[in-house]
Amino acid sequence: QVQLVESGGGSVQAGGSLRLSCAASGRTFSSYTMSWFRQAPGKDREFVARINGNTGTTGYSDSVRGRFTMSGDNAKNTVYLQMNSLKPEDTAVYYCAARRMSTVLYDYWGQGTQVTVSS
């Protein structure tokens, strides 16, 4: 069992930055692919970024590539999402998720953290 707890959300003006954290307990995240998703009001949840907990390889959606950076700290069992040059369209609830590397479905989800970007 893996428990995920996000933190770091908040309100910021367009062009600003925030860093989200996701602390994992129960298993070391080096055995998982960790990802960030987001869901804006009235929209479907969408993929934002992922990191392979073993290799550190990252991937991003087109909408955030070049602005967001995902990283991990194995010693703290925590992943981060550094969000720069934020836009109002980045406003959403951000969720951390984990899946075993042998699967494609995400088994574990955090409770979400709100990010609001004002123009």
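**Student:** Would you take a moment to explain the side chain of Ser35 for this structure?
**Tutor:** Assignment of secondary structure puts Ser35 in strand 4 (residues 32–39). Assessed through its relative accessible area of 0%, Ser35 is described here as buried. Among the polar contacts made by the side chain of Ser35, one reaches the side chain of Tyr106 at a distance of 2.6 Å. Contact partners of Ser35, with chain neighbours within four places excluded, come to Phe47, Ala49, Arg50, Met70, Tyr95, Cys96, Ala97 and Tyr106.

**Student:** What should I look at first to understand the packing of aromatic side chains in this one?
**Tutor:** A ring pair, where both rings are aromatic, is described by two values, the distance of the centres and the angle of the planes. Across all of its chains, the model carries five aromatic pairs by this definition. Summarising the aromatic geometry, the rings of Phe37 and Phe47 are spaced 5.9 Å apart at their centres and angled 75° between planes, so their arrangement reads as edge-to-face. With a gap of 10 residues between them, Phe37 in strand 4 and Phe47 in strand 5 (residues 46–52) connect regions that are remote in the sequence. Using a relative accessible area of 23% as the deciding quantity, one classes Phe47 as partly exposed. By the ring-pair criterion, three or more aromatic residues cluster together here, those being Phe37, Phe47, Tyr106 and Trp109.

Reading the values: the criteria
Residues numbered from 1 in each chain as written. Predicted model: local features only at pLDDT ≥ 70, side-chain atom pairs only at ≥ 80, totals over all residues. Heavy atoms only, no water. Helix = DSSP H or I, 4+ residues; strand = E, 2+ residues; numbered from the N terminus. Buried < 20%, exposed > 50% of the residue type's maximum accessible area, 1.4 Å probe, protein only. Polar contact = N/O pair within 3.5 Å; in protein donor to acceptor, adjacent residues only side chain to side chain. Contact = heavy atoms within 4.5 Å. Phe/Tyr/Trp six-rings, centres within 6.5 Å; stacked < 30°, edge-to-face > 60°.

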